[in-house]
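# Understanding the architecture of this molecule
Each chain, written out:
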Amino acid sequence: MVLISCKNCHKVYEKEDYTPFVCDRCKYKVRKRKKNSLQISFALVISAMFLYIPAMVYPIMDITQLGVDNESTIIEGIISFLDYKDYFIALVILVASVLIPLIKLVGLFVIFLSLIISNKMENRTKLMIYKTIELIGKWSMIDIYVVALLASIVQLGELFSIKGGLAATSFTLVVVLTMIAANSFDTRIIWDKKENDGK
Ligand SMILES: [Zn+2]
């Protein structure tokens, strides 16, 4: 007899073995583990980290001041909004497009790395980091909304315009890859490793 829990609704079943079955409460297909979940999630996080660099370093906006065009990065854009006393917009962009993606990436990276090198970090700590990221994840679409919103506000003002291009593409990929990495990660792996440590 083995105990296996549904990844979706956490209902626990007692079964003969780990053959996949359909959860009778939520109809989710229950498997022992997602295949290569950790490796896939880790690879996605690393890719997203590399893409975060061009997203920050390359210009994402065109700012027109007194008829002069200036290309600016996300950070320079935030500084410009501060100059125009648009503190709220500056704060929203800072949080949604710089801080949230960074916190998510670093958090996931720390958990995955600690699982791969199986260090002594407490499982509870790992799960806590993951839950925090999941919580932020519920707000994660905010990054994309901000870009869209920004593009429209900005076009109205005719002061700023969003450039498509390397930074915008990289930024979008960072958001999407991070989301897939977090979703494809099977949290039950956190608890697997502990058992193996003793052996
Ligand atoms: Zn279920």
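Residues numbered from 1 in each chain as written. Predicted model: local features only at pLDDT ≥ 70, side-chain atom pairs only at ≥ 80, totals over all residues. Heavy atoms only, no water.

### Some thoughts on the coordination of the zinc ion
Distances from the zinc ion to its protein donors, Cys 6 (SG), Cys 9 (SG), Cys 23 (SG) and Cys 26 (SG), fall at 2.2 to 2.3 Å. Taken together, the four donor atoms coordinating the zinc ion span angles of 103 to 114 degrees at the metal, a pattern that classifies the geometry as tetrahedral. Mapping the donors of the zinc ion onto the primary sequence yields the spacing C-x2-C-x13-C-x2-C. Here the residue Cys 9 occupies a position in the loop between β1 (2–5) and β2 (12–15), and Cys 26 occupies one in the loop between β3 (21–22) and β4 (29–30), the gap between them amounting to 17 residues. We classify Cys 9 as partly exposed; its relative accessible area is 21%. For Cys 26, a relative accessible area of 26% corresponds to the partly exposed category. (Donors = N, O, S within 2.8 Å, 3.2 Å for Na, K, Ca; no water. Tetrahedral: all angles 85-135°; square planar, octahedral: opposite > 155°, others 65-115°. Helix = DSSP H or I, 4+ residues; strand = E, 2+ residues; numbered from the N terminus. Buried < 20%, exposed > 50% of the residue type's maximum accessible area, 1.4 Å probe, protein only.)

### Quick look at the packing of aromatic side chains
A complete count under the given rule lists three aromatic pairs for this structure. Seen in terms of ring centroids, Tyr 13 and Phe 21 are 4.8 Å apart; in terms of plane orientation they differ by 75 degrees. Their pairing is edge-to-face. There is no split in this pair, since Tyr 13 and Phe 21 are both buried. Summarising the aromatic geometry, the rings of Phe 42 and Phe 112 are spaced 6.5 Å apart at their centres and angled 80 degrees between planes, so their arrangement reads as edge-to-face. Linking Phe 42 in helix α1 (residues 37–57) with Phe 112 in helix α3 (residues 87–116), this pair joins segments that are 70 residues apart in sequence. A single burial state applies to Phe 42 and to Phe 112, both of which are buried. Grouping aromatic residues by their ring pairs yields a cluster made of Phe 42, Phe 109 and Phe 112. (Phe/Tyr/Trp six-rings, centres within 6.5 Å; stacked < 30°, edge-to-face > 60°.)

### Here we look at α3
Helix length check: α3 (30 residues) gives 42 Å between terminal C-alpha atoms against 44 Å at 1.5 Å per residue, within 8%. At Leu 99, α3 is deflected by roughly 35 degrees, the largest bend along its length, and proline Pro 101 occurs up to four residues later in sequence. (Expected span 1.5 Å × (residues − 1). Bend = angle between axes of the 7 residues up to and from the residue.)

### What about the side chain of Ser 170?
Structurally, the position occupied by Ser 170 is in helix α6 (residues 166–184). Setting aside residues no more than four positions away along its own chain, Ser 170 makes contact with Leu 51, Pro 54 and Ala 55. (Contact = heavy atoms within 4.5 Å.)

### A few points about the pattern of salt bridges
For the structure on display, the rule yields one salt bridge. Across the pair Asp 24 and Lys 11 runs a salt bridge whose closest N-O atoms are separated by 3.0 Å. Here Asp 24, found in the loop between β3 and β4, pairs with Lys 11, found in the loop between β1 and β2; they are 13 residues apart in sequence, far enough to count as distant. We classify Asp 24 as partly exposed; its relative accessible area is 48%. Owing to a relative accessible area of 26%, Lys 11 belongs among the partly exposed residues under this scheme. (Salt bridge = Lys/Arg side-chain N within 4 Å of Asp/Glu carboxyl O.)

### Points about the pairing of β2
Pairing of β1 with β2 involves four bridges; the strand directions are antiparallel. What sits directly across from Leu 3, in β2, is Glu 14. (Pairing = 2+ DSSP bridges.)

### Re the UniProt feature "transmembrane region" (unreviewed entry) in the protein chain
Per the UniProt entry, the sites bearing "transmembrane region" (unreviewed entry) are residues 40–61, 87–118, 139–160 and 166–185 in this numbering. What you have in residues 166–185 is 95% helix and 0% strand, and the ends, taken at the C-alpha atoms, are 28 Å apart. (UniProt positions renumbered as here; feature names shortened; annotations may be inferred.)

### Focus: the packing of α1 against α6
If you want to describe how two helices pack, look at the angle between their axes and the distance between the axes. Running from amino to carboxyl end, α1 crosses α6 at an angle of 160 degrees, the nearest separation of the two axes being 8 Å. The orientation of α1 with respect to α6, classified from their angle, is roughly antiparallel. Between α1 and α6 lies a crossing of left-handed hand. Together, Ser 37, Ile 40, Ser 41, Leu 44, Val 45, Ser 47, Ala 48, Leu 51, Tyr 52, Pro 54 and Ala 55 of α1 and Ala 167, Ser 170, Phe 171, Leu 173, Val 174, Leu 177, Thr 178, Ile 180, Ala 181 and Ser 184 of α6 make up the contact between the two elements. Taken together, the residues of the contact of α1 with α6 sort by class into 15 nonpolar, six polar and no charged. (Axes fitted to C-alpha atoms, helices over the stretch in contact; angles between N-to-C directions. Parallel < 35°, antiparallel > 145°, perpendicular 65-115°, else oblique. Left-handed = near helix turned anticlockwise from the far one by under 90°. Nonpolar A, V, L, I, M, F, W, Y, C, P; charged D, E, K, R; others polar.)

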